[in-house]
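Okay, here's what each chain looks like letter by letter:
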Amino acid sequence: MTEKTVYLIQENPYISVLSANEYGKIVTLFESGTQIMFSPQPAIRKLKRKLRNFNDEDHLLMMGDPAAMGIACCVASEM
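Attention in this report is confined to the structure presented alongside it. None of these values were measured; they are calculated from a predicted model. Here the residue numbering is sequential within each chain, running from 1 through the sequence in written order. For this predicted model, a pLDDT threshold of at least 70 governs which residues receive local features, and a threshold of 80 or more governs which side-chain atom pairs are given and counted, while totals over whole chains, interfaces and linings are taken from all residues. To get the side-chain values, take all heavy atoms of the structure and skip hydrogens and water.

Considering the packing of aromatic side chains
And then number 1: Geometry of aromatic contacts follows a simple scheme: Phe, Tyr and Trp rings, the Trp one being its six-membered ring, pair when their centres are within 6.5 Å, and the pair is stacked under 30 degrees between planes, edge-to-face over 60, tilted otherwise. For the structure on display, the rule yields one aromatic pair.
And then number 2: Summarising the aromatic geometry, the rings of Tyr7 and Phe54 are spaced 5.8 Å apart at their centres and angled 45° between planes, so their arrangement reads as tilted. One end of the pair, Tyr7, is in strand S1 (residues 5-10); the other, Phe54, is in the loop between helix H1 (40-50) and strand S3 (59-61), and 47 residues separate them in sequence.
And then number 3: Accessibility expressed as a relative area gives 5% for Tyr7, which makes it buried. Where helices and strands are cited, they refer to DSSP runs of H or I of at least four residues and of E of at least two residues respectively, numbered from the N terminus. Three labels apply to residues, based on accessible area from a 1.4 Å probe with only protein chains included: buried if under 20% of the type maximum, exposed if over 50%, partly exposed otherwise in between.

Structure follows, in structure tokens:
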């Protein structure tokens, strides 16, 4: 059985997400302040790399840039 993972879309230094450890190891997809709107292709490549092992046991923690959340949902659904 693989370890469950919680993919945090974008970190926020003012909000603690430590309670999400209950659902799996937390992996941050984008650092705080990252803007993907003006250059989405590198962000999509990054998400495809980081979410390549996403499965039905994993979770997406929706926090941060709405565009990043949408793209992460699309990439995760492909996996």
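Quick notes on the nonpolar core
And then number 1: Counting 14 residues, the largest nonpolar core has Ile9, Leu29, Phe30, Leu47, Leu51 and Ala72 as its most contacted members.
And then number 2: Going through the elements one at a time, S1, strand S2 (25-30), H1 and helix H2 (66-78) are the ones with two or more residues in this core.
And then number 3: Here the element with the most residues in this core is H2; it accounts for five residues.
And then number 4: If sequence neighbours within four positions are ignored, Ile9 has contacts with Leu29, Phe30, Leu60, Leu61, Met62, Met63, Ala68, Met69 and Ala72. What is meant by a nonpolar core is a set of buried Ala, Val, Leu, Ile, Met, Phe, Trp, Tyr and Cys residues, joined one to another through side-chain atoms within 4.5 Å. Any two residues having at least one pair of non-hydrogen atoms within 4.5 Å are treated as being in contact.

Regarding the sheet that holds S2
And then number 1: The strand order S2-S1-S3 describes an open sheet built from three strands, whose pairing is parallel. Where the open sheet ends on each side, the last strands, each with one partner, are S2 and S3. On average, adjacent strands in this sheet sit at an angle of 30° to one another, irrespective of strand direction.
And then number 2: Where S1 and S3 come together, three bridges link them in parallel fashion. Across the sheet, the residue bridging to Tyr7 is Leu60, located in S3. Between any two strands, pairing holds if DSSP finds at least two bridges. Axis definition: a line fitted to C-alpha atoms, limited for helices to the stretch in contact. Angles are taken between N-to-C directions and run from 0 to 180 degrees.

Points about the pattern of salt bridges
Close approach of charged atoms allows side chains of opposite charge to pair.
And then number 1: Salt bridge, as used here, is a side-chain nitrogen of Lys or Arg placed within 4 Å of a carboxyl oxygen of Asp or Glu. Here the structure, examined in full by the defined rule, presents two salt bridges.
And then number 2: In this structure, the salt-bridge partner of Lys4 is Glu57, at a minimum N-O distance of 3.7 Å. One end of the pair, Lys4, is in the segment before S1; the other, Glu57, is in the loop between H1 and S3, with 53 residues separating them in the sequence.
And then number 3: Overall, the relative accessible area of 35% leaves Lys4 in the partly exposed class.
And then number 4: What makes Glu57 partly exposed here is its relative accessible area of 38%.

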